[in-house]
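# Overview (structure and organization)
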Protein chains: 4
Amino acid sequence: MSTLTSDHLATLAQQGIELPSWAFGNSGTRFRVFPTAGTPRDPFEKIADAAEVNRHTALAPSVALHIPWDKVDDYAALRRHAEGLGVALGTINSNTFQDEDYKFGALTHHDERIRRKAIDHHLECIDIMDATGSRDLKIWLAEGSNYPGQNDMRARQDRLQDSLQQIYARLSGEQRLVLEYKFFEPSFYHTDVPDWGTSYAQVAALGDCALVCLDTGHHAPGTNIEFIVMQLLRLRKLGSFDFNSRFYADDDLIVGAADPFQLFRIILEVIRGGGLNNPDVAFMLDQCHNIEDKIPGQIRSVLNVQEMTARALLVDRDALDAAQNANDVLAANAVLMDAFYTDVRPQLAQWRESRGLPADPMAAYAASGYQQRIAADRVGGTQAGWGA
Amino acid sequence: MSTLTSDHLATLAQQGIELPSWAFGNSGTRFRVFPTAGTPRDPFEKIADAAEVNRHTALAPSVALHIPWDKVDDYAALRRHAEGLGVALGTINSNTFQDEDYKFGALTHHDERIRRKAIDHHLECIDIMDATGSRDLKIWLAEGSNYPGQNDMRARQDRLQDSLQQIYARLSGEQRLVLEYKFFEPSFYHTDVPDWGTSYAQVAALGDCALVCLDTGHHAPGTNIEFIVMQLLRLRKLGSFDFNSRFYADDDLIVGAADPFQLFRIILEVIRGGGLNNPDVAFMLDQCHNIEDKIPGQIRSVLNVQEMTARALLVDRDALDAAQNANDVLAANAVLMDAFYTDVRPQLAQWRESRGLPADPMAAYAASGYQQRIAADRVGGTQAGWGA
Amino acid sequence: MSTLTSDHLATLAQQGIELPSWAFGNSGTRFRVFPTAGTPRDPFEKIADAAEVNRHTALAPSVALHIPWDKVDDYAALRRHAEGLGVALGTINSNTFQDEDYKFGALTHHDERIRRKAIDHHLECIDIMDATGSRDLKIWLAEGSNYPGQNDMRARQDRLQDSLQQIYARLSGEQRLVLEYKFFEPSFYHTDVPDWGTSYAQVAALGDCALVCLDTGHHAPGTNIEFIVMQLLRLRKLGSFDFNSRFYADDDLIVGAADPFQLFRIILEVIRGGGLNNPDVAFMLDQCHNIEDKIPGQIRSVLNVQEMTARALLVDRDALDAAQNANDVLAANAVLMDAFYTDVRPQLAQWRESRGLPADPMAAYAASGYQQRIAADRVGGTQAGWGA
Amino acid sequence: MSTLTSDHLATLAQQGIELPSWAFGNSGTRFRVFPTAGTPRDPFEKIADAAEVNRHTALAPSVALHIPWDKVDDYAALRRHAEGLGVALGTINSNTFQDEDYKFGALTHHDERIRRKAIDHHLECIDIMDATGSRDLKIWLAEGSNYPGQNDMRARQDRLQDSLQQIYARLSGEQRLVLEYKFFEPSFYHTDVPDWGTSYAQVAALGDCALVCLDTGHHAPGTNIEFIVMQLLRLRKLGSFDFNSRFYADDDLIVGAADPFQLFRIILEVIRGGGLNNPDVAFMLDQCHNIEDKIPGQIRSVLNVQEMTARALLVDRDALDAAQNANDVLAANAVLMDAFYTDVRPQLAQWRESRGLPADPMAAYAASGYQQRIAADRVGGTQAGWGA
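Residues numbered from 1 in each chain as written. Chains lettered and ligands numbered in written order. Predicted model: local features only at pLDDT ≥ 70, side-chain atom pairs only at ≥ 80, totals over all residues. Heavy atoms only, no water.

### A look at the interface of chain B and chain A
Contacts between the two partners involve 54 residues from chain B and, on the opposite side, 54 residues from chain A. Approximately 4300 Å² of surface area, both sides summed, lies buried where chain B meets chain A, with 58% of it carried by carbon and sulfur atoms. Sorting the residues of chain B by area buried against chain A places R154, F227 and R234 of chain B first, and these three jointly supply 16% of that buried surface. Seen at the junction of chain B and chain A, the total is 4 salt bridges. Put simply, R272 of chain B and D152 of chain A hold a salt bridge, and the shortest N to O gap is 3.0 Å. (Contact = heavy atoms within 4.5 Å. Buried area = accessible area lost by both parts, 1.4 Å probe. Salt bridge = Lys/Arg side-chain N within 4 Å of Asp/Glu carboxyl O.)

Below you can see the structure in the form of structure tokens.
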């Protein structure tokens, strides 16, 4: 089975991957942030760039915002701006790691004033969700400590639960809270939500609308990520993905760039567990284009997800089941590799054209003149980055 | 605060660490198992060796058995033998990794005949528990796969839950099921219970008498183990420890040998979470003395746990709280380091003597002639190892 | 560029990958070695199986031997046996990790008697090389220690150099010594040759005929292996590869099974550095087929290397250079990914047929009846494993 | 042996640890740099802070500078300022990671203009060394790539060698070049000097005055660092240490904070290899005090090195040799642990007082009022950080 069927293509046609507004701003390492010509100066320009990705791929129908980086006076205007460009406003990401008050914690802080402030920040995020029509509040908890003894990890865990309950109570309608876990960084000794187990235990105590966000770069070396995908889907607690890739730590490279076969296995488990094109499981990117161009970096990323989904759809389930049931290790593995090694790109290019999209979105973007235009136009102002 | 108080000593006097019978048999790597003179030939001799550890330390009041390695015709006789030597029979460990049928799984196997056999093995283990008076059935699930595609990880997870439910249903009275997780090995692609989150989710679905076993060597590189200790205690699901230490993988070295400060932090969280001398949290060793002498290896191990518990008890809680509340990172860390760097050994030696124990158990054992005696006596027969 | 040219095919036609005799014997983990029907009972049968791999692929023209596992009375007879089956005897692998004397070291041992014995074992290996016509003596130094303090690492390093000099001095003609490094296992604290730097420093001190062997499974998590390939080729010290793959430690899985893109990058650096089809750089497998069938496991492996070499040959060097020189990160990466994602399998199948080989060697082997024949014939005797 | 002898104390009296000027400036992660009251605004104030560390400990006789962060108009004035405060100017650290031109490389860049600029920067650093009287030029090569294919790793290696030769040629008298290696960051796919082997191969090709700098935080997970210390000392190529500690990546925490036993083992190998108080082996710190106070953070660090050196000096060499020669694993390990667990702090406190130093330098600094003074005085200006 080496050709995508019309069913496969219909499945692929439904796929949508949310883009992070911050991917269009400058980013870097602690050593240096290199600026790029044409970088957006405000949320409107970020959304314009995101829409450009969608225009060439039809794969990126929404944009996640980060508060306060994407704060605007008029969210209705921002929403109209987005919709006018053919994209929706998506997940709202909170930020409790850049205020001076949060140096030693936010939702986990022992100082009730600071903890209150952090909770209130999340309530404000929910207000913004109400205005933007966003469904998901994503909380990446960048809290922890650098030295053994610095904090009481147990008490922080309890305070975290209390804080989350207060935030959760404010959600309404279809709104959801998704809690992201991360192995380490910016803290170097302990992180308050370091693994899926902690995120799961915390959200399970909240209720059905609280779920786990899995960032593919947030695990210990050697972790079998597709296993976690399987488990969270099984436990009905996988709320969203932050896709990216890594060789070492949280490198935030283009999804599929570091270990394409891992991405294949992850998507395979998503399909196996009913998570593909399931509105309950949001696909998002969370990447840093430190040295490469940002818009084509995002185009490349959504294409990588699409192409890998196509490969995963090609897996011959019947042959796989048969080999698994026969304990035929080599045959079962061969079923996977056959699909993985199938070159779906020519067929996808044709299919894109049939839908009025460019066969090669990367080339189409390069030829569009958009990059040159923004480089020329976006003069003055302050380039967006992780502070705005 | 650099001296152990009488309260501390009273606490230390209660400490008991269960020894694994298999630590007295030969072990090694896939490359080679080196035999040692005096190695036990049967469970009776293993228990005799374990009792020797307890005789010199008063720290090892019980011995864990491994079925089928420690199968005997008459468990009542084995129990009397143990009790006559001053030790109890403890946890029963099942084994589903050495039978030809289990090559591709046991409690997770798609073949119902094999899965039934594996469940029945556990029921037999519970029968043995009834005979030995053991409280805990420990399940280390050595199941998994070596190649992507080899197995349906999701279906295995469901079958595992079903198998565990059948086993759990057979427990009676005070009996408990503890489920151990392990990052990898003997499987190299996926392991069915690879992390604490999976073990937690599996036992939470069973009931109050199902708990997690934390083996200190079963984590990904860089994992903050004391965080997991804290979390499992908080979730009331930490059933037992398998202590050992590691530099790389599951090295099964003497506890405290690789990273003594990590052991200190782990015990500190045990104390913080109410797990010390709490009958619900069993302290056990799981080590391999591949190249060092086994009995002194076990003596060294229980002493390491005792000494580190003493250091952890010395932590000045009030000073720590004060520093934590003041966000004084250096001061908080210093409270821990002060305790860690305090040399508790002279005081512990004195205290041991005051209790009729040798000041230096290692030297006392060496002087006892026991090693020479067993080396001379245990001639003929087959030395115990991981097959018996 | 998505089609293999005749130049590419001519290059592929030259490719040869040496098989390890021990891959056909039983192997496993410290927990269990599962036997398989048809496993060879002696070196002659191992070579017959290796020849079967070559018969279906024309990719495996030689077989590495392991001494003492493959000791025979008459090496000339073994050589004739191999040549009669169309394969040559290749690298001789020494073994200093299974003799009781080597429990604490061999070529590094402080006891001169034991060190002498280990050196003499290598001299005997060279005698065998003289008889078999082998060029390379491969030394995997399984020596080290489990506990800090156990050994004087520095003195061992000096003794190792002395031992190697004595062995090196015995080489003649085209013979070479290749020194393998390994991150850990079977030792758990220190290994005497743990990294490429140590192997390089040791062989550089010997002379031009001493080189490094790179086993792709012998590195720390996250290591950029293709960088080491590049560096060793640059330093003219890459003597040979032991191909396999890994998710965690030295898993010894089928090459290309865990991270195919990594294998692609490794072969790309081999080509870049002039190491492909260069007689100075031997391609070998070192794998353990613990649960899968051994002969098809080896067929799959050599095919993986061949297919990945084909993909690497497809890299458009000119486009790559241009993108690199333009600092066009995305374009440069795309050149690699284009080649990697090209499905070379149909063309390779055709090409195989054009050379009188089966289009699908896996299927051809399955259809050949060989497996059934050896399962039926090889009854009685002792199956080969890591002890013979 | 649990008491420091007068020989030990004489050895300790010679110990000097160089402080990095940048440790006194603000630092953080890519997510946030938190400022602190009293942070220096220029190199003169940094040196004043460093001198304060030395005043309380007599352990920090020199300060490393970082160019361009510590550029001044008059280095003679800076030198007099330092000497007036009782400290010397030490190693000059170059910086080729913050200029826009160096986005894709510096000493390795394919663009000859940029490579020339980077070489010239190093020549300028040597000019500064001439003015400051510094002996060592330290090169941390923050160069690499983020995506496979982005660069030609081999050509970069050759260009690096050429660049280093040009820099090396400019050294005079006692001056040395030390080349630091780092596993990853700021690059995420490949780093041009990622391991000790590469640094060694590069400096060995330069000459006797080119050496390796070992930063204790720059290794893959699980790396046995003391082995590398041993090997570099054996190869006469260990030029300097950058001390710090880590749990995950290059965390740059206080030396000895994460794994004190590892620090003990490292210093033990330094002593074993003749590197203690050997002018050829410079002890330096390279740390980031992101959340803790900077001056006491440095005081704590040099004390940690001093205390651990004291423990390492206590190792009973004769007993260790005897145990090693007897293959008595437990006894040999015990010799190390005995020294490690000895509480040297009381004796060191006494000894400090006998030398006119505060028994407790941390307390003495806190009581000195210096921190309050600089917090009050250093108002206005721009706090120093990694840009100045």
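Picking up where we left off.
### Re the pattern of salt bridges
Applying the stated criterion across every chain yields a total of 136 salt bridges over all chains. Linking D101 of chain A and K117 of chain A is a salt bridge whose minimum nitrogen-to-oxygen distance equals 2.7 Å. Taken as a pair, D101 of chain A in the loop between strand 5 (88–93) and helix 4 (112–132) and K117 of chain A in helix 4 lie far apart in primary sequence, 16 residues in all. Here D250 of chain A ties to R30 of chain D by a salt bridge, and the two come within 2.8 Å at their closest N and O atoms. Of the two residues, D250 of chain A sits in the loop between strand 11 (238–243) and helix 8 (260–272) while R30 of chain D sits in the loop between strand 2 (28–29) and strand 3 (32–33), which places them in two different chains. Here the two residues D250 of chain A and R30 of chain D agree in accessibility, since each one is buried. A single salt-bridge network, built from bridges that share partners, covers R30 of chain A together with K182, E185, D250 and D252 of chain D. (Helix = DSSP H or I, 4+ residues; strand = E, 2+ residues; numbered from the N terminus. Buried < 20%, exposed > 50% of the residue type's maximum accessible area, 1.4 Å probe, protein only.)

### Regarding the relation of the copies chain A and chain D
For the pair chain A and chain D, the relating rotation is 180 degrees, the translation along its axis is 0.0 Å, and the fit reaches an RMSD of 0.0 Å. Look at the turn and shift together and you get a two-fold axis relating the two. Considering only C-alpha atoms, the part of chain A nearest the rotation axis is R30 of chain A, at 2.1 Å. The share of interface residues of chain A whose copies in chain D are also at the interface is 100%, consistent with both copies meeting through the same surface. (Least-squares fit on C-alpha atoms with pLDDT ≥ 70 in both.)

### Observations concerning the interface of chain A and chain D
Contacts between the two partners involve 41 residues from chain A, matched on the other side by 41 residues from chain D. Across the chain A to chain D interface the summed buried area is about 4100 Å²; carbon plus sulfur atoms make up 62%. On the chain A side of the interface with chain D, the three residues burying the most area are R30, F31 and Y248 of chain A, jointly 21% of the side's total. Summed over the shared surface of chain A and chain D, the number is 8 salt bridges. Our count for the chain A to chain D interface comes out at 18 residue pairs in polar contact (both at pLDDT 80 or more). Of the residues in the side of chain A that touches chain D, the class split is 24 nonpolar, 6 polar and 11 charged. (Polar contact = N/O pair within 3.5 Å; in protein donor to acceptor, adjacent residues only side chain to side chain. Nonpolar A, V, L, I, M, F, W, Y, C, P; charged D, E, K, R; others polar.)

### Describing the relation of the copies chain B and chain A
With an RMSD of 0.0 Å, the operation that places chain B on chain A is a rotation of 180 degrees combined with a shift of 0.0 Å along the axis. Comparing interface residues between copies, 100% of those in chain B also lie at the interface in chain A; the contact surface is shared.

### Here's the deal with the packing of helix 7 (residues 225–234) of chain A against helix 8 of chain A
All names here are of chain A. At their nearest, the axes of helix 7 and helix 8 sit 8 Å apart, and the two run at 15 degrees to each other. On the basis of their axis angle, the class for helix 7 and helix 8 is roughly parallel. In the packing of helix 7 onto helix 8, the handedness of the crossing is right-handed. Packed against helix 7, whose contacting residues are I225, E226, V229, M230 and L233, the element helix 8 presents Q262, R265, I266, E269 and V270 at the interface. (Axes fitted to C-alpha atoms, helices over the stretch in contact; angles between N-to-C directions. Parallel < 35°, antiparallel > 145°, perpendicular 65-115°, else oblique. Left-handed = near helix turned anticlockwise from the far one by under 90°.)

### Here we look at helix 12 (residues 345–354) of chain C
If you check which residues of helix 12 of chain C are buried, you get R345, Q347, L348, A349, W351 and R352 of chain C. Looking at the buried side of helix 12 of chain C, the elements it contacts are helix 11 (329–341) of chain A together with helix 1 (6–14), helix 9 (294–313) and helix 13 (361–368) of chain C. Backbone geometry just downstream of helix 12 of chain C places G356 of chain C in the positive-phi region, at approximately 80 degrees.

### Thoughts on the sheet that holds strand 1 (residues 19–20) of chain C
All names here are of chain C. A sheet is described by the order of its strands in space; here 8 strands give the open sequence 1-4-5-6-8-10-11-12, paired in parallel fashion. Of all strands in the sheet, those with a lone pairing partner are strand 1 and strand 12 (282–285), marking the two edges. By the bridge criterion, 4 bridges tie strand 4 (residues 62–66) to strand 5 (residues 88–93) in an arrangement that is parallel. Across the sheet, the residue bridging to H66 is N93, located in strand 5. Sitting on the sheet, helix 5 (residues 153–168) is in contact with strand 6 (136–140), strand 8 (176–180) and strand 10 (210–215), with an inclination near 150 degrees to strand 8. On top of the sheet, helix 7 (residues 225–234) reaches strand 10 and strand 11 (238–243); it is set at about 165 degrees to strand 10, its chief contact. (Pairing = 2+ DSSP bridges.)

### Regarding the confidence of the model for chain A
Scored by pLDDT, chain A has a mean of 97; 99% of the residues are at 70 or more. Listed scores for the predicted complex are pTM 0.98 and ipTM 0.97. (pLDDT = per-residue confidence, 0-100.)

### Quick look at the side chain of H8 of chain B
All names here are of chain B. Assignment of secondary structure puts H8 in helix 1 (residues 6–14). Look at H8 and you get buried, because its relative accessible area is 12%. At 3.0 Å, the side chain of H8 and the backbone nitrogen of T5 are in polar contact.

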